[in-house]
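# Report on the structure
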Amino acid sequence: MIPTAQIKKLREALETSARPLIFFDDDPDGLCSFLQFYKLNPESYGVIYKRAGPLDETFLNKVEEVQPDAIFILDIAQVSQDFLNKVSNVFWLDHHAPQTLKKVTYLNPMVKSKGEDNSPTSLWAHKITNVSNWLACVGTVGDWHLPTKDMRKDLEEEYPDLLPKNIKRPEDALFGSDLGRLARMFSFILKGHNKLAMTCAKVLTRIKSPYEILDQSSSQGKYIHKQFTKVNAMYEELKNSIKITDDPLILYNYEHNKTSLTSDLSNEILYENPSKFIIISRFRNGDHKCSLRSTKYEVLPILKKALEGLSGYGGGHLHACGANVPERDWKQFLENIKEQL
């Protein structure tokens, strides 16, 4: 839970900012959080964050370029203290493992709940902005959560067919509803080069209804649907190449591709195989960039133990993590995972 006073403070900061700079994560939760902030303050300048590791000093050039009077960081798990030391008036809204840093107003439901509440950033963005319930629901479902009762009630009144009443589980919402279909679209249009991803984000700021995208009823909706279709073709090809055996571990490697689809693939393979431990790896520049998922096993402690003594790194949520493992440590990393399973 985030205290009401903090929510009010962040809203006031966003509303009164003349030139807000917003860094946001490259997934549906991060994107939908940005879109809600933008709708409250259309003067916002967005920067998509597509890197592993912390938001650091390499992004100071954007601060210099935009000259913001306030900086907002959305759904990004780590921020460098060196970056914060060189900027001012920073607000950080997140739901990953709590951080303790200086020179930032930090909002995270995990803090007050002692790690129990990791509800998505887009849900909290809705509490802060109250501008677009359907966008908040897309981001929430895209992050493997269900909307709150109030959000779902409002969604049913305005868009009753997006999330059927009989859907009670986050995974069914993500893979068995039009709301989940939108979440996948939002995920896929963020793939590839930053310039194209930001173009798609800007197009989304002009869309008022989800049906513009689903029914391709506007030029903006057609554009988003077209970009999604291109990536989806690659996704389906990769998915059809994954082989399922009796082994508790499902491991799939694919070579460097301009588009990273590990997170999306691991989510859907987990949905179809809930008793398995999933590792989807993309090999690039000598490293295996992985998405790890499981509902049966606790992924985070298994990952941390598997990385002990190795030069890779990783982290995330209890049942969903990301990792980067050099080729020289890859075989040992897999052995460490298998031993624990």
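Up top you'll find the structure we're talking about.
The present account deals with the structure reproduced in this document. (Residues numbered from 1 in each chain as written. Predicted model: local features only at pLDDT ≥ 70, side-chain atom pairs only at ≥ 80, totals over all residues. Heavy atoms only, no water.)

### Here we look at the overall build of the protein
Counting its secondary structure elements, the protein contains 16 helices and 10 strands. Computed over the C-alpha atoms, the radius of gyration of the protein is 19 Å, within 12% of the 20 Å expected from 2.2 N^0.38 for a compact globule of 341 residues. Considered along the principal axes of its C-alpha atoms, the protein spans approximately 55 × 45 × 35 Å. Looking at the protein residue by residue over its 341 residues, the buried ones come to 54%. Here the contacts in the protein between residues at least 6 apart in sequence split such that 59% fall between residues at least 24 apart. (Helix = DSSP H or I, 4+ residues; strand = E, 2+ residues; numbered from the N terminus. Rg over C-alpha atoms; globule rule 2.2 N^0.38 Å. Buried < 20%, exposed > 50% of the residue type's maximum accessible area, 1.4 Å probe, protein only. Contact = heavy atoms within 4.5 Å.)

### Details of unusual backbone geometry
Despite not being glycine, D75 has its phi angle at roughly 60 degrees, a positive value. Examined against the element boundaries, D75 turns out to sit in the loop between β3 (70–74) and α4 (81–85). Look at D75 and you get buried, because its relative accessible area is 2%. In the Ramachandran plot, N130 falls in the positive-phi region, its phi being about 55 degrees despite a non-glycine side chain.

### What about the packing of aromatic side chains?
Throughout the structure, instances matching the rule amount to 17 aromatic pairs. Relative to F83, the ring of F23 has its centre 6.1 Å away and its plane inclined at 85 degrees; by these criteria the two rings are edge-to-face. You can see F23 sitting in strand β1 (residues 20–25) and its partner F83 sitting in helix α4, a full 60 residues away along the chain. A single burial state applies to F23 and to F83, both of which are buried. Taking the centre distance of 5.4 Å and the plane angle of 50 degrees together, the rings of Y49 and F59 count as tilted. In this pair, Y49 is assigned in strand β2 (residues 45–49) and F59 in the loop between β2 and α3 (60–66), connecting sequence segments 10 residues apart. Residue Y49 shares its accessibility class with F59, and that shared class is buried. Taken together, the ring pairs connect F23, Y49, F59 and F83 into an aromatic cluster. Directly above the aromatic system of W124 lies the positively charged group of K127, at a separation of 5.5 Å from the ring centroid. (Phe/Tyr/Trp six-rings, centres within 6.5 Å; stacked < 30°, edge-to-face > 60°. Lys NZ or Arg CZ within 6 Å of the ring centre and 35° of its normal.)

### Side note on the packing of helix α7 (residues 133–142) against helix α10 (residues 178–188)
Across the interface, α7 lies against α10 with an axial gap of 8 Å and an inter-helix angle of 80 degrees. Here α7 is positioned roughly perpendicular relative to α10, judged by the angle of their axes. Residues W134, L135, C137, V138, V141 and G142 of α7 lie in contact with α10, whose contacting residues are L179, G180, L182, A183 and F186. (Axes fitted to C-alpha atoms, helices over the stretch in contact; angles between N-to-C directions. Parallel < 35°, antiparallel > 145°, perpendicular 65-115°, else oblique.)

### A few points about the sheet that holds strand β6 (residues 249–254)
Pairing is mixed in the open sheet, where five strands are placed in the order β6-β7-β8-β10-β9. Bordering the open sheet on either side are β6 and β9 (313–316), each of which pairs with just one other strand. Pairs of neighbouring strands in the sheet enclose a mean axial angle of 15 degrees, with direction left out of account. Summarising the sheet, strand β8 (residues 287–293) and strand β10 (residues 320–326) pair through seven bridges and their orientation is antiparallel. Within β10, the residue paired with D287 across the bridge is P326. (Pairing = 2+ DSSP bridges.)

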